[in-house]
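Listed below are the residues making up each chain.
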Amino acid sequence: MALEEKREKRPPVTPMMIEEEAALRNGSRGLTPGPWAEAAGPRPRTTERHIAVHKRLVLGFAVSILALLAVTMIAVLLSVRFEECGAAADGPPRASGNGSLSGAARQPPGAGQPPGQPEEEARGGEAAEEEEEEEEEWQRRQELPPWARPRLPRHLRPLHYNLMLSAFMENFTFSGEVNVQLEVRNASRYIVLHAHRMHIEAVRVAEDKLAGGVRVARTFFYPQTQVFVVVLNRSLEVQRSYNLKIIYNALIENELLGFFRSSYVLHGERRFLAVTQFSPTHARKAFPCFDEPIYKATFKISIRHQATYLSLSNMPVETSVFEEDGWVTDHFSQTPLMSTYYLAWAVCNFTYRETVTKSGVVVRLYARPDAIRRGSGDYALNITRSLIEFYEDYFKVPYSLPKLDLLAVPKHPYAAMENWGLSVFVEQRILLDPSISSILYLLDVTMVIVHELCHQWFGDLVTPVWWEDVWLKEGFAHYFEFVGTDYLYPGWNMEKQRFLTDVLHEVMLLDGLASSHPVSQEVQQATDIDRVFDWIAYKKGAALIRMLANFMGHSVFQMGLQDYLTIHKYGNAARNDLWNTLSKALKRVGKSVNIQEVMDQWTLQMGYPVITILGNETTDNIIVISQERFVYDSDAKPKDPSRGDNSYLWQIPLTIAVGNTSHISSEAIIWVSNKSEHHRIPAFEEAGWLLGNINQTGYFRVNYDIRNWRLLINQLTRNHEVISVSNRAGLIDDAFNLARAGYLPQNIPLEIIRYLSEEKDFLPWHAASRALYPLDKLLDRTENYNIFNEYILRQVASMYLKLGWPMNNLNKSLVQASYQHEELRREVIMLACSFGNKHCHQQAATLISDWISSNRNRIPLNVRDIVYCTGVSLMDEDVWEFIWMKFHSTTAVSEKKILLEALTCSDDRNLLNRLLNLSLNSEVVLDQDAIDVIIHVARNPHGRDLAWKFFREKWKILNARYGEALFMNSKLVSGVTEFLNTEGELRELKNFIKSYEGGAAVSFSRAVETVEANVRWQRLYKEELFHWLRKSLTH
Ligand SMILES: [Zn+2]
């Protein structure tokens, strides 16, 4: 599963406006209101349209009621027939009572019974008594009844599912019949399996292959654990196999989980599609099943739908049976052994394009017909073919299924989901129009596809035993985003370079909080499971895997992975299975490292170490290396009070090199496992410097004595190329963060970035830009902000002049463009424009004016977001309206997104408020984009308080909308709060948490710690920083 990721932050627009720009703004008022002026602004909805919509709704409602009634009648009829046949198999029919065959299952109120279903009849007194007796029995045994336990009881195992579905797209309901073949491991009278928000019509249990049925005493839902319980009259016997048949119906939901619907407009007409999102715990909303990853089974799915639609599932269609009334049933081939969470199906009227890999895998990309016609899916299709070939070769395990469909849907809770053979992507992460997409957008699309394809092996073929190790699959998929992209674009150096800024630096920000958590986290309740899908699992997981690959050596690591996948294919594996296989691979090449022992410290402990290397006070080339846990706020309360920060220890593979003005030694590896250790460095000269964590392959920070920092700064200034590109980026990130946490004087990072005027590589600039961003946000509302601003502008000026602006590259293929050079230029332009370089501002304004007057967008693709944002922030309201109008009229998803984000750059608080209010209107802003609007307004110093206020006022609505897709909620909470930094805002945050009504508790505790650290930094270090800046600027 890929989470929504913003690979690059929006330029931090400054509140400063230089005089000339004020003129510019006034000047732009004179713009003639072109043909766009009328169309701009929120278009009033005419009364007629209102009425039409209203009529349609009423009509739709009536139709759905009728259809529901029809469905219910059919279902009732079916269940009657079913009961007859069941009863026949069970011997002579008995007088109908509560005991015989269970009819509609009792569903407690609020358990999500579809509306329109008949309320269940009152239970007979007999059953209630039975139930009480049973509960007392469990109490006497001092045990939780099997349905009340957080995990399914292990006495049954599903072997095979036959699932027959009918999808009614006209009223968004579906009915299903599931037949599960069960193996009994321990005798029991209970069948407990997951089922949630559905109406169960009938249940039957039969002994497989034999005619005899097993009588069902009663059935009930237990919503606390989202299970359905079938109580039998007699025990199921060990090592026999039984068939459980359940007939049910449910809604095709209007939310993004389970089996849900979404829509798009084609030729002015709204069209609907229905698709699934089961990971991690939502398959139970679509069919009764054993919804834990360990219960792998085979699945045979059939979907009945109107012939105007097509249906898709993990496997190809085997046969289609057409009925006379315009319905068709697609029978799909049987799947291999798999877990429920990556099972999938869809009903839509998309079209597709197709390609075939060398090994014969048919790859299709399905999307809305207009996108397919435009060729927007071709890029994804082509790289998918190459990537399947890459993974097959890298893992030495062929892709397991005959086909892979990629499905581009307009709405999805995540960027994408790796369903085996039917991966689903939100359109913005898979469709690409080469003529209007930036490199950054191309990179996003590429990496999401690389990620989901990796899961076809890591996750789908070999599945984690339980969600605590979700990082195993997500960490690998995230790491391989970089390895796989390197395969597609060998010159881009993603794994060696971009990984640092986008993964390592990013997650160390999060994991440096005392409220962080270990990458392997215990989870029990279904409601906790969403929580494990966070950046710690993804990014720390990936960073640990990269560290492991580096200390093992890449070829041994690859061999180990091949063994791991071969041994565990079609099964489940836990982290220790991986460690054991990797240890064995190392042994084969004559190395002995107990990988489990090393990695347990990194996966079971939260946080990471900062290593301090002291070199200058010792003799005989002896250095002192010590480790401690890195935290931003040393005052923050430890999450686990039983252990202080002092008890954290790691086995750290520290690579170290010594250098002098012209040369750096080859690195040596030192395993640091104690608090403090002495080591002899043989080639250490008097004037030499030390550098730790070579190429930043390790997941930790390195600090030095001040003398060594000075030597490193000198080296960077004189000849930075002696130090590798990755280490230059690493030094910048470490220095900024060490200073932010108070481990290092505030001036050191600012002195380091002085060398950037000579830096021609993208990565160090990118690292600096990212590290400056939070510092900028800490300062952007302070009165001395302009001193900081001025200092940064000075560092950027000469490179900005040297590089200039890109030419309009409308006709140039993205892939041909020199990635490094274009990205560097983009980064420098972004810094220049956002910190107020006059030329940059003028250039942006000219480009926007040209667009408006000619109505032709000649702005180079790679800097469009910067130009739009700068234009909106500097120019007047007309420009905002123009961008707003373009946002409505464009159909290209990449363009839509950056236009929307540009609107948040305004410094007009009325416009920002208007935008915030519009963001919750799903017809204007897609649900998943609304969060970005709010977060981006919060990043704007003029809008921070507005977004924060809006967030608090609308929390109920937001929490209801995003509550279940917990990742979105935590993204929202952190995005809105992370740059609050005054005592007053901290108080507001704490008061809000006291008064709000639940949800996202973890995110809020992280928010409090972040804001506390911000406030603390302001109190302790802000003046020190300004003092140094003032001194430095006068020299
Ligand atoms: Zn994933």
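Since we're looking at a predicted model, the values are computed, not measured. (Residues numbered from 1 in each chain as written. Predicted model: local features only at pLDDT ≥ 70, side-chain atom pairs only at ≥ 80, totals over all residues. Heavy atoms only, no water.)

Thoughts on the packing of aromatic side chains
For step 1, the next point in the chain: Scanning the entire structure with this criterion turns up 72 aromatic pairs.
For step 2, the next point in the chain: With a centroid separation of 5.7 Å and an interplanar angle of 80°, the aromatic rings of Tyr-479 and Phe-480 are classed as edge-to-face. The pair Tyr-479 / Phe-480 is uniform in exposure class, with both members buried.
For step 3, the next point in the chain: Just above the ring of Trp-466 sits the side chain of Arg-151; from NZ or CZ to the centre is 3.5 Å.
For step 4, the next point in the chain: Here the guanidinium or amino end of Arg-364 rests over the ring plane of Tyr-352, the centre of that ring lying 4.0 Å away. (Phe/Tyr/Trp six-rings, centres within 6.5 Å; stacked < 30°, edge-to-face > 60°. Buried < 20%, exposed > 50% of the residue type's maximum accessible area, 1.4 Å probe, protein only. Lys NZ or Arg CZ within 6 Å of the ring centre and 35° of its normal.)

A short note on the sheet that holds strand β13 (residues 317-322)
For step 1, the next point in the chain: Strand order in this open sheet of 8 strands is β5-β4-β8-β2-β1-β11-β14-β13, and the pairing throughout is mixed. In the strand order of this sheet, the two ends are held by β5 (213-214) and β13, each with one partner.
For step 2, the next point in the chain: Strand direction decides the pairing type here: strand β2 (residues 173-184) and strand β8 (residues 241-251), joined by 11 bridges, are antiparallel. Residue pairing in the sheet places Glu-183 in a bridge with Ser-241 of β8. (Pairing = 2+ DSSP bridges. Helix = DSSP H or I, 4+ residues; strand = E, 2+ residues; numbered from the N terminus.)

Some points on the confidence of the model for the protein chain
For step 1, the next point in the chain: The predicted model of the protein chain averages 86 in pLDDT, with 84% of residues at 70 or higher.
For step 2, the next point in the chain: Under a pLDDT of 50 for its full length, residues 75-104 has, in the predicted model, 46 contacts with residues more than four places off or in other chains.
For step 3, the next point in the chain: Low pLDDT, under 50, characterises residues 106-124; the predicted model gives this stretch 43 contacts beyond four residues in sequence or across chains. (pLDDT = per-residue confidence, 0-100. Contact = heavy atoms within 4.5 Å.)

Some points on the pairing of strand β29 (residues 689-692)
For step 1, the next point in the chain: The two faces of β29 match: Trp-689 and Leu-691 on one face and Leu-690 and Gly-692 on the other face are all buried.
For step 2, the next point in the chain: Sheet topology note: the strand β25 (residues 652-660)/β29 ladder contains 4 bridges and is antiparallel. Residue Val-658 lies in a different strand from β29, and its bridge partner there is Leu-690.

Some points on the packing of helix α23 (residues 877-889) against helix α24 (residues 893-903)
For step 1, the next point in the chain: The contact between α23 and α24 brings their axes to 9 Å, and the two run at 150°. In terms of their interaxial angle, α23 and α24 are classed as roughly antiparallel. Along this stretch, α23 crosses α24, giving a crossing that reads as left-handed. Packed against α23, whose contacting residues are Trp-880, Ile-883, Trp-884, Lys-886, Phe-887 and His-888, the element α24 presents Lys-896, Leu-899, Leu-900, Ala-902 and Leu-903 at the interface.
For step 2, the next point in the chain: Looking at the contact of α23 with α24 residue by residue, the class counts come to 8 nonpolar, 1 polar and 2 charged. (Axes fitted to C-alpha atoms, helices over the stretch in contact; angles between N-to-C directions. Parallel < 35°, antiparallel > 145°, perpendicular 65-115°, else oblique. Left-handed = near helix turned anticlockwise from the far one by under 90°. Nonpolar A, V, L, I, M, F, W, Y, C, P; charged D, E, K, R; others polar.)

Section: the coordination of the zinc ion
For step 1, the next point in the chain: In this structure, Met-1 (N), Met-1 (O), His-451 (NE2), His-455 (NE2) and Glu-474 (OE) serve as the protein donors to the zinc ion, at separations of 2.0 to 2.1 Å.
For step 2, the next point in the chain: Binding-site remark: the zinc ion is held by donors from one chain whose sequence spacing is M-x449-H-x3-H-x18-E. Of this pair, Met-1 sits in the segment before α1 (19-29) while Glu-474 sits in helix α8 (residues 470-488), placing them 473 residues apart in sequence. For the pair Met-1 and Glu-474, one class covers both residues: buried. (Donors = N, O, S within 2.8 Å, 3.2 Å for Na, K, Ca; no water.)

Details of the sheet that holds strand β28 (residues 676-680)
For step 1, the next point in the chain: An order of β28-β24-β23-β30 is seen for the 4 strands of this open sheet, with the pairing classed as mixed. Strands at the two margins of the open sheet, each flanked by one partner only, are β28 and β30 (701-704). Averaged over neighbouring strand pairs, the angle between their axes works out to 25° when direction is ignored.
For step 2, the next point in the chain: Where strand β23 (residues 609-614) and β30 come together, 4 bridges link them in parallel fashion. When the sheet's bridge partners are listed, Thr-612 is paired in β30 with Asn-703.

Things to note about the UniProt feature "active site" (unreviewed entry) in the protein chain
For step 1, the next point in the chain: When the UniProt feature table is mapped to this numbering, "active site" (unreviewed entry) covers Glu-452.
For step 2, the next point in the chain: Examined against the element boundaries, Glu-452 turns out to sit in helix α7 (residues 439-455).
For step 3, the next point in the chain: The exposure class assigned to Glu-452 is buried, which follows from its relative accessible area of 1%.
For step 4, the next point in the chain: With residues up to four places along the chain from it excluded, the contact list for Glu-452 reads Met-1, Ala-2, Ala-416, Met-417, Glu-418 and Phe-425.
For step 5, the next point in the chain: Within the structure, Glu-452 has its side chain in polar contact with the backbone nitrogen of Glu-418 (distance 3.1 Å). (UniProt positions renumbered as here; feature names shortened; annotations may be inferred. Polar contact = N/O pair within 3.5 Å; in protein donor to acceptor, adjacent residues only side chain to side chain.)

Some words on the environment of Ser-438
For step 1, the next point in the chain: Mapped onto the secondary structure, Ser-438 falls in the loop between β20 (422-426) and α7.
For step 2, the next point in the chain: Taking relative accessible area as the criterion, Ser-438 reaches 16% and is therefore assigned buried.
For step 3, the next point in the chain: C-alpha of Ser-438 to C-alpha of Pro-860: the two residues are 422 residues apart in sequence and 8.7 Å apart in space.

Details of the environment of Thr-890
For step 1, the next point in the chain: By the element assignment, Thr-890 lies in the loop between α23 and α24.
For step 2, the next point in the chain: The class for Thr-890 is buried, based on a relative accessible area of 18%.
For step 3, the next point in the chain: When near neighbours in sequence (up to four residues on either side) are disregarded, Thr-890 contacts Glu-895, Lys-896 and Leu-899.
For step 4, the next point in the chain: One polar contact links the side chain of Thr-890 to the main-chain amide nitrogen of Ala-892, over a distance of 3.4 Å.

Structural notes on the nonpolar core
For step 1, the next point in the chain: Membership of the largest hydrophobic core comes to 323 residues, with the highest contact counts inside it found for Phe-287 and Trp-345.
For step 2, the next point in the chain: For this core, the element with the most residues is helix α11 (residues 535-552), which contributes 13 residues.
For step 3, the next point in the chain: Formed jointly, this core draws a minimum of three residues from each of two domains, domain 1 (146-347) and domain 2 (350-606).
For step 4, the next point in the chain: Core analysis: the second largest hydrophobic core is formed by 16 residues, Leu-273, Leu-407, Val-409 and Val-424 among them. (Core = buried A, V, L, I, M, F, W, Y, C linked by side-chain atoms within 4.5 Å. Domains from an automatic or database assignment.)

Details of the state of the cysteines
For step 1, the next point in the chain: Scanning the entire structure with this criterion turns up 2 disulfides.
For step 2, the next point in the chain: Paired by a disulfide, Cys-833 and Cys-840 hold their sulfur atoms 2.2 Å apart. Taking the torsion about the sulfur-sulfur bond, which here is approximately -105°, the covalent link between Cys-833 and Cys-840 counts as left-handed. Like Cys-840, Cys-833 is buried. (Disulfide = S-S within 2.5 Å.)

Quick word on the side chain of Lys-473
For step 1, the next point in the chain: When you line up the elements, Lys-473 lands in helix α8.
For step 2, the next point in the chain: With a relative accessible area of 1%, Lys-473 lands in the buried category.
For step 3, the next point in the chain: Discounting residues that sit within four places of it in the chain, Lys-473 has contacts with Met-1, Tyr-341, Glu-418, His-455, Phe-458, Gly-459, Pro-464, Trp-467 and Phe-533.

Examining the side chain of Asp-865
For step 1, the next point in the chain: Along the chain, Asp-865 falls in helix α22 (residues 864-874).
For step 2, the next point in the chain: Relative accessible area serves as the criterion here: at 19%, Asp-865 is assigned to the buried category.
For step 3, the next point in the chain: Among the polar contacts listed, one links the side chain of Asp-865 to the side chain of Arg-826, at a separation of 2.9 Å.
For step 4, the next point in the chain: Beyond its immediate chain neighbours, meaning those up to four positions away, Asp-865 contacts Arg-826 and Ile-898.

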